[in-house]
Amino acid sequence: MTAVASTPAAVGGEAAPNGGLEAPPRRWPHVLGVGAIVSLYAALYSTYLLILHSTLQDGLADVGEYDQAISGYAHFMGPHSPFVGLHGAADAGKLQLADHFTPLLALMAPFYWIHDGPETLLVETAVLTALPIIPLWLFVRRAVRNSGRFGSPAANLSAYLVVIGYGVTWPLQMALWFEFHEVFLELPILMWMIERAQAGRLRQAALISLLLLGVKDDMGFVVAIFGLYLATKDATARDWARWLPRALRRPRLVLDTVRRRDRAWFLALVPVGIGMVWLVAQVLLPAAGGSPNRNFTYTEFGPTQSAAIHAMLGDPGNTFGTLFNSHYKRQTLEMLLWPVLGLCLLSPLSLMAVPLVMERFLSVNQLYWVMPYHYNAFLVPIIFCAGVDGALRVSRWLTSARLSVRVARRGPFVRSALMTAFAMYVAIYAWSTFDRYPMHHMTQASFWDVSNPSVVAAKQAASKIPDNAYVASATQVGPQLLSRDKVVMWVPPGDRNYPPPPWVLADVQRTSYPFKNVAAQQAEVQRLESAGYRVVFQSDGWVVLHNAALG
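Residues numbered from 1 in each chain as written. Predicted model: local features only at pLDDT ≥ 70, side-chain atom pairs only at ≥ 80, totals over all residues. Heavy atoms only, no water.

**Regarding the overall build of the chain**
Operational definition: For helices the rule is a DSSP run of H or I covering at least 4 residues; for strands it is a run of E covering at least 2, with both sets numbered from the N terminus onward. Working definition: with a 1.4 Å probe on protein chains only, accessible area under 20% of the residue-type maximum means buried, over 50% means exposed, and in between means partly exposed. Should any heavy atoms of two residues lie within 4.5 Å, those residues are considered in contact. Computed with a 1.4 Å probe, the accessible areas rest on the Shrake-Rupley method; for each residue, only the protein chains presented here act as cover.
In terms of regular secondary structure, the chain is built from 22 helices and seven strands. Across the 551 residues of the chain, 55% fall into the buried class. Considering only intrachain contacts with a sequence separation of at least 6, the fraction spanning at least 24 residues in the chain is 71%. Only carbon and sulfur atoms are counted for the fraction: they give 64% of the accessible area of the chain, which is about 24300 Å².

**Digging into the sheet that holds strand β7 (residues 542-546)**
As a general point, the strands of a sheet are linked pairwise by backbone hydrogen bonds and lie either parallel or antiparallel. Heads up, the rule is: Two strands pair if DSSP finds at least two bridges between them. For helices, the fitted axis covers only the stretch in contact; all axes are lines through C-alpha atoms, and the angles between them, taken along N-to-C directions, range from 0 to 180 degrees.
The mixed open sheet is built from five strands, whose spatial order is β4-β3-β5-β7-β6. Two strands bound the open sheet, and with one partner strand each, they are β4 (486-489) and β6 (534-539). Geometrically, the sheet is characterised by an average inter-axis angle of 20° between neighbouring strands, direction not taken into account. Two strands pair when backbone bridges link them, and β6 and β7 are joined in this way by five bridges, in the antiparallel orientation. What sits directly across from Ser539, in β7, is Trp542. Sitting on the sheet, helix α2 (residues 60-74) touches β3 (470-473) and β4, and the angle it makes with β4 is about 150°.

**What about the pattern of salt bridges?**
Going by this rule: When a carboxyl oxygen of Asp or Glu is within 4 Å of a side-chain nitrogen of Lys or Arg, the pair counts as a salt bridge.
Inspection of every chain in the model, using the stated rule, returns 12 salt bridges. A salt bridge links Asp218 to Lys216; the shortest N-O distance between them is 3.6 Å. In this structure, Arg496 and Asp495 form a salt bridge, with 3.6 Å as the shortest nitrogen-oxygen distance. Sharing partners across several salt bridges, the network here consists of Arg142, Glu195 and Arg196.

**Some remarks on helix α4 (residues 133-145)**
Which entries qualify depends on this criterion: Helix span, as expected, comes to 1.5 Å for every residue beyond the first.
The first and last C-alpha atoms of α4 sit 18 Å apart over 13 residues, in line with the 18 Å expected at 1.5 Å per residue. Most of α4 sits out of view: 11 of its 13 residues are buried. If you check which residues of α4 are buried, you get Ile133, Pro135, Leu136, Trp137, Phe139, Val140, Arg141, Arg142, Ala143, Val144 and Arg145.

**Some thoughts on the pairing of β7**
Most of β7 is tucked away, with five of its five residues classed as buried. Along β7, one buried face is formed by Trp542, Val544 and His546 and the opposite face, lined by Val543 and Leu545, is buried too. Joining the antiparallel neighbours β6 and β7 is a turn of two residues, in which Asp540 adopts a positive phi near 50°.

**Some points on the packing of aromatic side chains**
Aromatic rings in a pair are described by how distant their centres are and how their planes are angled relative to each other. Condition: Geometry of aromatic contacts follows a simple scheme: Phe, Tyr and Trp rings, the Trp one being its six-membered ring, pair when their centres are within 6.5 Å, and the pair is stacked under 30 degrees between planes, edge-to-face over 60, tilted otherwise. By the criterion adopted, a ring carries a charge over it if an Arg CZ or a Lys NZ lies within 6 Å of its centre and within 35 degrees of its normal.
Enumeration over the complete set of coordinates arrives at 19 aromatic pairs. Look at Trp431 and Phe434: their rings are 5.3 Å apart centre to centre, the planes differ by 25°, and that puts the pair in the stacked class. The exposure class of Trp431 is partly exposed, given its relative accessible area of 39%. Here the aromatic cluster, defined as three or more aromatic residues joined through ring pairs, consists of Tyr48, Phe447 and Trp448. Here the basic side chain of Lys329 rests over the ring of Trp369, its NZ or CZ set 4.4 Å away from the ring centre.

**Focus: a nonpolar patch on the surface**
For the record, the criterion: Within this analysis, patches are made of residues with over 30% relative accessible area and no salt bridge. Like charges are joined at 9 Å or less; nonpolar side chains (Val, Leu, Ile, Met, Phe, Trp, Tyr) at 5 Å or less.
A contiguous nonpolar patch, built from Leu50, Val123, Val127, Leu131 and Ile134 and spanning about 310 Å² of accessible area, is present on the exposed surface. Checked against the element boundaries, Val123 lands in helix α3 (residues 118-130).

**Some thoughts on the environment of Ala159**
Here Ala159 shows up in helix α5 (residues 151-166). Distance from Ala159 to Val144, taken between C-alpha atoms, is 8.4 Å for residues 15 residues apart in sequence. For Ala159, the contacting residues outside a window of four places in its chain are Trp137, Val140 and Arg141.

**Concerning unusual backbone geometry**
Residue Asp62 is bonded to the preceding Ala61 through a cis peptide linkage, with omega at 5°. Cis geometry marks the peptide bond from Tyr513 to Pro514; its omega dihedral reads 10°. One non-glycine residue with positive phi stands out, namely Asp540, at about 50°. Along the chain, the position of Asp540 falls in the loop between β6 and β7. The exposure class of Asp540 is partly exposed, given its relative accessible area of 31%.

**Some points on the environment of Pro132**
With respect to the helices, strands and loops of the structure, Pro132 is situated in the loop between α3 and α4. Since its relative accessible area comes to 0%, Pro132 is described here as buried. In sequence terms Pro132 and Leu187 are 55 residues apart; their C-alpha atoms lie 6.4 Å from each other. What Pro132 contacts, discounting residues up to four positions off in sequence, is Tyr166, Leu187, Pro188 and Met191.

**Describing the side chain of Asp62**
Cut-off, in case you're wondering: When charges are tallied, Lys and Arg are placed among the positive residues and Asp and Glu among the negative ones, while His and the ends of the chain are skipped.
Position of Asp62 relative to the elements: it lies in helix α2. No salt bridge forms around the buried Asp62; measuring N to O, its nearest opposite-charge neighbour Arg294 is 7.3 Å away.

**Focus: the confidence of the model for the chain**
What counts, and what does not: A residue's pLDDT is simply how confident the predictor is in it, with values from 0 to 100.
For the chain, mean pLDDT is 89; residues scoring 70 or higher make up 90% of the total. A low-confidence stretch, residues 1-22 (pLDDT under 50), is modelled with 54 contacts involving residues beyond four sequence positions or located in other chains.

**Overview of helix α9 (residues 219-232)**
Look at α9: 20 Å from first C-alpha to last across 14 residues, which is about the 20 Å you get at 1.5 Å a residue. Burial analysis of α9 places 10 of its 14 residues in the buried class, which makes it a mostly covered element.

So this is what it looks like as structure tokens:
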């Protein structure tokens, strides 16, 4: 089965021939232009994250876990993280792989040879967030360029506008506010594999997609859907509809079709992806010290994984209804569509988002439903690329001869104008809503205030902790100690079963997660004092306690 002429270039292979209407594009000006945008956004993100860190607006979750794991890789000791768990005071900590399967963290370790501390992690986070701008620019430019003599200027302008909007889109801001998470490894990988598929480099796209398996436990679902996409993208839905009756009459046609154009290799991504999800959950996480039920949060459907799956499949109507049974779910879905005017729904690329949305919205964990945190950032590459593809499909439909012969004659110009208008919307929407989301705090003087008495007192308290000590710290100040101490989170008794630390840095004036309130924190300090801890520093609610009997 061969691709038909009506297949949009945005989802096909190579760009269509332009009939000699355009000269080959000049690359160097755009290398400098795109490089400048990437550098500016990386600098913006770095500044934002480092100020959050220096003003104690970050926390140990998840910066503590990943900083300790990457530091372990950098020292060739394995990804041990005391934050994840400790068996004893002298223990190096549990493997981070027991919490999430993210072996690609090892790629970030060499930069820790320059500086071993969370500041390095935050700068790497900023760079990882900005890098997808490069493949996204290429994707948009290639999608728009096939529009005759007006295509190249419109393609360049559209590409710049879309990446400018990407840089401050709200899911990225929410993820940066949470600071580091695996999502920042996923962003460039997913964007590049979609761009390579659009460019017709399907084998490259398939190989790049395998990197997702080392990012997070559930990325195998995305790889599986992407494999189906690669195997079927060389023909339209109409072609496949015509093929199906013939395949039913001649079963051998199925084998012939699978063997053609590397389809078998692409379809192999389906069992590889799904199999990897099972392997991680049932084998690799337990082998690292984790639980096979680590990601099971579907008790609304059943008490066990098998019971929940049986209930979901047995009552698909109830399962579908659960996806939308909360105001928070509906609000999040709506806000995910606004950055691209909902046009992502017209692209088959959006199918890759389905498993990521379903696993969140079927869960009983309400944190998965809402707009804050990092969970929505996993969808950004899909939403933006599918949005551009959907816009291109709409522009082609509006300029087809079936609607208007007169418009069809001016099709290249109209399509270029429509795509440019869409790109302008993406940029304008992102920046016009900038003040609703966390990064707008950078426009306020208080955001930059490192001389705040509470911040100064917290850093004084941190300075009382000796180097290489085992310390339980309140989450806000804990990252200040990561580069020189073995740090765990200060928690209520029995919360994480850490062994008793000789040093505690507590906060009795501001709520510190996971304590429910300040009263509980004050009660815990009193309990520590009665257990033999001595207060060695106290200022503005920050309390440093030491138990000499423990070290």
